[in-house]
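Report on the structure
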Amino acid sequence: MTTRETHHGDIPQDESELEEFVRDKLEQYYRDGKPPWDTDVAPPELTALVAGDAALLPGRALDLGCGTGTNSVYLARNGWEVTGVDLIDRAIDQARRKADAADLSIRFQPGDVTRLDSLDVSGPFDLFFDLSCYCGIPTHRRDAYAEGLTHRAAAGARLLMFGYGPGVFDDGYTGVTAAELTSRFGGWELVDVTPGTNPFPTNWFTLRRDG
Ligand SMILES: C[S@@+](CC[C@H](N)C(=O)[O-])C[C@H]1O[C@@H](n2cnc3c(N)ncnc32)[C@H](O)[C@@H]1O
């Protein structure tokens, strides 16, 4: 295995080994208990879009890297028909339990958001929500992510994404910029970039599908 030494240990350079490495790391977080990002609270950037003064009309939403389902549950409670996808089975199991406890019908599917064609996730969707998933996907899988969403987007669909800036993690792949999204998401317009409130570089991005 070819590796590069970083603060986060040895990062594989081979693409499939890197995907396996990322999956193992994520699995470890869920095996160890409650992951640090699992706040049980929907962020204000999402609540503004769903219930604010200029809220979208409820439609179909896809929660990418849904984790234990906090935001999927929030969307479903507000009238959206929701599908949530996460790579880690343990996260999906917890998400299903949350939805059951809230008596909400949400489709949670284990799987890779960069391989939506291999899952039962058909569009069109009016809203895509991604809280820190895309920014941690190895770069060689990101075009496939963009294509998967583009094929499943209703005309005028929104993508609301939160991501870490490049360099926050010294692993060579985590991070996302406005320039990257503009170049990868053909047929979408980047309509807003709002810095996050974290003490390190983060952004909320809003993209809108043409049409
Ligand atoms: C930082 S966590 C955020 C989880 C959730 N969005 C939340 O806010 O609680 C990122 C999530 O994306 C998932 N993920 C990462 N890469 C993925 C992929 N390629 N396909 C599906 N899920 C992925 C992880 O398993 C993890 O649950």
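As the structure is a prediction and not an experimental result, all values here were calculated from the model. (Residues numbered from 1 in each chain as written. Predicted model: local features only at pLDDT ≥ 70, side-chain atom pairs only at ≥ 80, totals over all residues. Heavy atoms only, no water.)

Describing the overall build of the chain
We apply this condition: Helix and strand assignments follow DSSP, with helices taken as H or I runs no shorter than four residues and strands as E runs no shorter than two, numbered in order from the N terminus. We compute the radius of gyration over the C-alpha atoms and compare it with the globule rule, which gives 2.2 Å times the number of residues raised to the power 0.38. We call two residues in contact when some of their heavy atoms are within 4.5 Å. Using a 1.4 Å probe, the Shrake-Rupley method yields the accessible areas, and only the shown protein chains count as cover for residues. Only four residue types enter the charge count, namely Lys and Arg as positive and Asp and Glu as negative; His and the chain termini do not. Note on charges: their place is set at NZ of Lys, CZ of Arg, CG of Asp or CD of Glu.
Looking only at helices and strands, the chain has 6 helices and 9 strands in total. Here the chain has a C-alpha radius of gyration of 16 Å; the compact-globule value for 211 residues is 17 Å, and the two agree. On the principal axes, the C-alpha backbone points of the chain span a range of 50 × 35 × 35 Å. The long-range share in the chain, meaning contacts at least 24 apart out of those at least 6 apart in sequence, stands at 65%. Accessible surface, the chain: about 10300 Å² in total, of which carbon and sulfur atoms supply 48%. Each charge class in the chain can be summarised by its mean position, and for the 20 positive and 34 negative side chains these summaries are 3 Å apart.

Observations concerning the site of the ligand
This is how the line gets drawn: A molecule or strand has a residue near it when one of that residue's heavy atoms lies within 4 Å. Whenever a nitrogen or oxygen atom comes within 3.5 Å of another N or O atom, the pair is scored as a polar contact, on the condition that within protein one atom can donate a hydrogen and the other can accept it, and that pairs from neighbouring residues in sequence are kept only if both atoms are in side chains.
Neighbouring the ligand are 16 residues; Tyr 30, Gly 65, Asp 86, Asp 112 and Val 113 lie closest to it. Gly 65 has a polar backbone atom sitting 2.7 Å from a nitrogen atom of the ligand. Here a nitrogen atom of the ligand sits 2.9 Å away from a polar atom, N or O, in the side chain of Asp 112. Notes on the ligand: free accessible area 590 Å², of which the protein chains cover 93%.

Digging into helix 1 (residues 15-31)
Cut-off, in case you're wondering: To estimate the expected span of a helix, subtract one from its residue number and multiply by 1.5 Å. Only protein chains enter the accessibility calculation, which uses a 1.4 Å probe; a residue is then buried when its area is under 20% of its type maximum, exposed when over 50%, and partly exposed in between.
Over its 17 residues, helix 1 runs 24 Å from end to end, which matches the ideal 24 Å to within 8%, given 1.5 Å per residue. What helix 1 keeps buried is the set Leu 18, Phe 21, Val 22 and Tyr 30. The positive-phi residue at the C-terminal boundary of helix 1 is Gly 33, with phi of around 125°.

Here we look at the UniProt feature "domain: Methyltransferase" (unreviewed entry) in the chain
We count it as follows: UniProt positions are given in the numbering used here, feature names are shortened, and annotations may be inferred rather than shown by experiment.
Sequence positions flagged by UniProt for "domain: Methyltransferase" (unreviewed entry) are, in local numbering, residues 62-143. Taken end to end, residues 62-143 is 28% helix and 24% strand, and its two terminal C-alpha atoms sit 18 Å from one another.

Examining the packing of helix 2 (residues 44-51) against helix 3 (residues 70-77)
The criterion, for reference: Where helices are involved, their axes are fitted lines through C-alpha atoms of the stretch in contact, as for all axes, and angles between N-to-C directions lie from 0 to 180°. The scheme is simple: roughly parallel for angles under 35 degrees, roughly antiparallel for over 145, roughly perpendicular for 65 to 115, oblique for anything else. Less than a right angle of anticlockwise turn of the near helix away from the far helix marks a crossing as left-handed, whereas a clockwise turn marks it as right-handed. Residue polarity follows a fixed list, in which Ala, Val, Leu, Ile, Met, Phe, Trp, Tyr, Cys and Pro are nonpolar, Asp, Glu, Lys and Arg are charged, and the others, Gly among them, are polar.
As a packed pair, helix 2 and helix 3 sit with axes 11 Å apart at the nearest point and diverge in direction by 20°. In terms of orientation, helix 2 lies roughly parallel with respect to helix 3. Of the two possible hands of crossing, helix 2 and helix 3 adopt the one that is right-handed. Facing Leu 46, Thr 47, Val 50 and Ala 51 of helix 2, the residues of helix 3 in contact are Asn 71, Tyr 74 and Leu 75. Within the contact of helix 2 with helix 3, the residues separate by chemical class into 5 nonpolar, 2 polar and no charged.

Focus: the sheet that holds strand 5 (residues 107-110)
Condition: In this description, strands pair whenever DSSP reports at least two bridges between them.
Taken together, the 7 strands give an open sheet; going across it, the order is 5-4-3-6-7-9-8, and neighbouring strands pair in mixed fashion. Edge positions in the sheet fall to strand 5 and strand 8 (188-195), since each has one partner strand and no second. With direction set aside, neighbouring strand axes in the sheet form an average angle of 15°. Strand direction decides the pairing type here: strand 3 (residues 60-64) and strand 4 (residues 81-86), joined by 5 bridges, are parallel. Looking at strand 4, one finds that Leu 64 is bridged to Val 85. In the packing of helix 2 onto the sheet, contacts are made with strand 6 (125-131), strand 7 (153-164) and strand 9 (202-209), and the angle to strand 7 comes to roughly 160°. Where helix 3 meets the sheet, it contacts strand 3, strand 4, strand 5 and strand 6, and its direction lies at approximately 175° from that of strand 4.

Regarding the side chain of Thr 206
Relative to the assigned elements, Thr 206 resides in strand 9. Thr 206 gets classed as buried once you look at its relative accessible area, which sits at 12%. Sequence-distant contacts of Thr 206, that is, excluding residues within four places in its chain, are made with Leu 159, Leu 160, Glu 189, Leu 190, Val 191 and Asp 192.

Notes on the pairing of strand 4
For clarity, the cut-off: Looking down the strands as they point away from you, a crossover is right-handed if its path from the first strand over the helix to the second goes clockwise.
Burial of strand 4 is extensive: 5 of the 6 residues sit out of reach of the surface. One crossover worth recording links strand 3 to the parallel strand 4 by way of helix 3, and it is right-handed. Here 4 bridges tie strand 4 to strand 5, and the two strands are oriented parallel to one another. Paired with Gly 84 across the bridge in strand 5 is Phe 108. Note that the unit made of strand 4, helix 4 (residues 89-101) and strand 5 has a crossover that is right-handed.

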